[in-house]
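Listed below are the residues making up each chain.
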Amino acid sequence: MRTRTLALAAASGAALLAAVTLTPAAHADPARGANPPAGRSGADLKEGSVSAADLLAKVTSCSQISNGKYRTDEDTSATIPVCGKNGAVFWKADMDIDCDGEITTACNKDTDPWFQNGTAFPTSAGKPLNAEKLPYVVVPSVSSIWNYGDAGIKGGGVVAVIYNNQVEYAVVGDTGPNKIIGEASYATAKALGIDPDPETGGAESGVTYILFKNSKVSPIESHGAAVTAGDALAKQFIQNN
């Protein structure tokens, strides 16, 4: 797995495109009982109504929008491009585990050698995100390779994470090294049946990340809002590609 850098990269100061803010209903955060976090089986292989197969069918080829390619780990070659589609960007990589943010039983300096008690994008109350509970994805910090903000991607943006025929909706919650790609929170991994241990877990390959442009979940910490928004955006994505 990746040897992570110890310094949190700052969030991009570049101007972002106008966002479409997607806000939950007044009672919105739906229970996750219908989508068990430890992986799914049978007909319940997705969050929302769009299947992994339907999403993957739209990302079989890559129109590269990054100026170069990313590594999946510090000691690997740069082979992963950021690809563009109508209404989204995507990449196919591994999954390393981000446990940064709020200190919890699963995520702390004892369980994670690289633990940092902050995330690039905070909750609506200004606190770090909770990696143990909130599915979120890490984007590479701004560099000459790619600027996520210029592509309409921002903190709180909606992401469809696909692995082993499963779809998990997440938000853009943190930034990482500027030459490495393929990282998501403890909660994202656990929901997809991936070992979420920040030191020894993760997936070596086979993870697809689809980030929907100009989207923003409000509040960022509401997974229910991410699922509602993600389902609608996934339908639009399939229609427009």
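Keep in mind that this is a model prediction, so the values were computed, not measured.

### Brief notes about the overall build of the chain
Moving on, step 1. Across its full length, the chain carries three helices and nine strands.
Moving on, step 2. Starting at the N terminus and ending at the C terminus, the chain contains elements arranged as β-α-β-β-β-β-β-β-α-β-β-α.
Moving on, step 3. Split into buried and exposed, the 241 residues of the chain put 51% on the buried side.
Moving on, step 4. In the chain, of all internal contacts separated by at least 6 residues, the share reaching a separation of at least 24 is 78%.
Moving on, step 5. Carbon together with sulfur atoms contributes 50% to the accessible area of the chain, which is approximately 10,100 Å² in total.

### Structural notes on the state of the cysteines
Moving on, step 1. Counting across every chain of the model gives two disulfides.
Moving on, step 2. Two residues, C62 and C83, share a disulfide whose sulfurs are 2.0 Å apart. Measuring the twist about the S-S bond at about -100°, one finds the C62-C83 disulfide to be left-handed. Of this pair, C62 sits in the loop between α1 (52–56) and β2 (83–85) while C83 sits in strand β2, and the two are 21 residues apart along the sequence.
Moving on, step 3. Given the relative accessible area of 40%, C62 is considered partly exposed.
Moving on, step 4. The disulfide partner of C99 is C107, and the S-S distance across this bridge is 1.9 Å. Measuring the twist about the S-S bond at about -70°, one finds the C99-C107 disulfide to be left-handed.

### A few points about the environment of G206
Moving on, step 1. Along the polypeptide, G206 turns up in strand β8 (residues 203–212).
Moving on, step 2. Judged by relative accessible area, G206 falls into the exposed class, the value being 51%.
Moving on, step 3. Taking the C-alpha atoms as reference, G206 lies 7.6 Å from N164; in sequence the two are 42 residues apart.

### Structural notes on the pattern of salt bridges
Moving on, step 1. Counted by the stated rule, this structure contains one salt bridge.
Moving on, step 2. Put simply, D231 and K235 hold a salt bridge, and the shortest N to O gap is 3.6 Å. Taken as a pair, D231 and K235 lie in helix α3 (residues 223–240) at a separation of four residues, close to a single helical turn.

Rules used throughout
Residues numbered from 1 in each chain as written. Predicted model: local features only at pLDDT ≥ 70, side-chain atom pairs only at ≥ 80, totals over all residues. Heavy atoms only, no water. Helix = DSSP H or I, 4+ residues; strand = E, 2+ residues; numbered from the N terminus. Buried < 20%, exposed > 50% of the residue type's maximum accessible area, 1.4 Å probe, protein only. Contact = heavy atoms within 4.5 Å. Areas by Shrake-Rupley, 256 points an atom, 1.4 Å probe, with all protein chains shown as cover. Disulfide = S-S within 2.5 Å. Salt bridge = Lys/Arg side-chain N within 4 Å of Asp/Glu carboxyl O.

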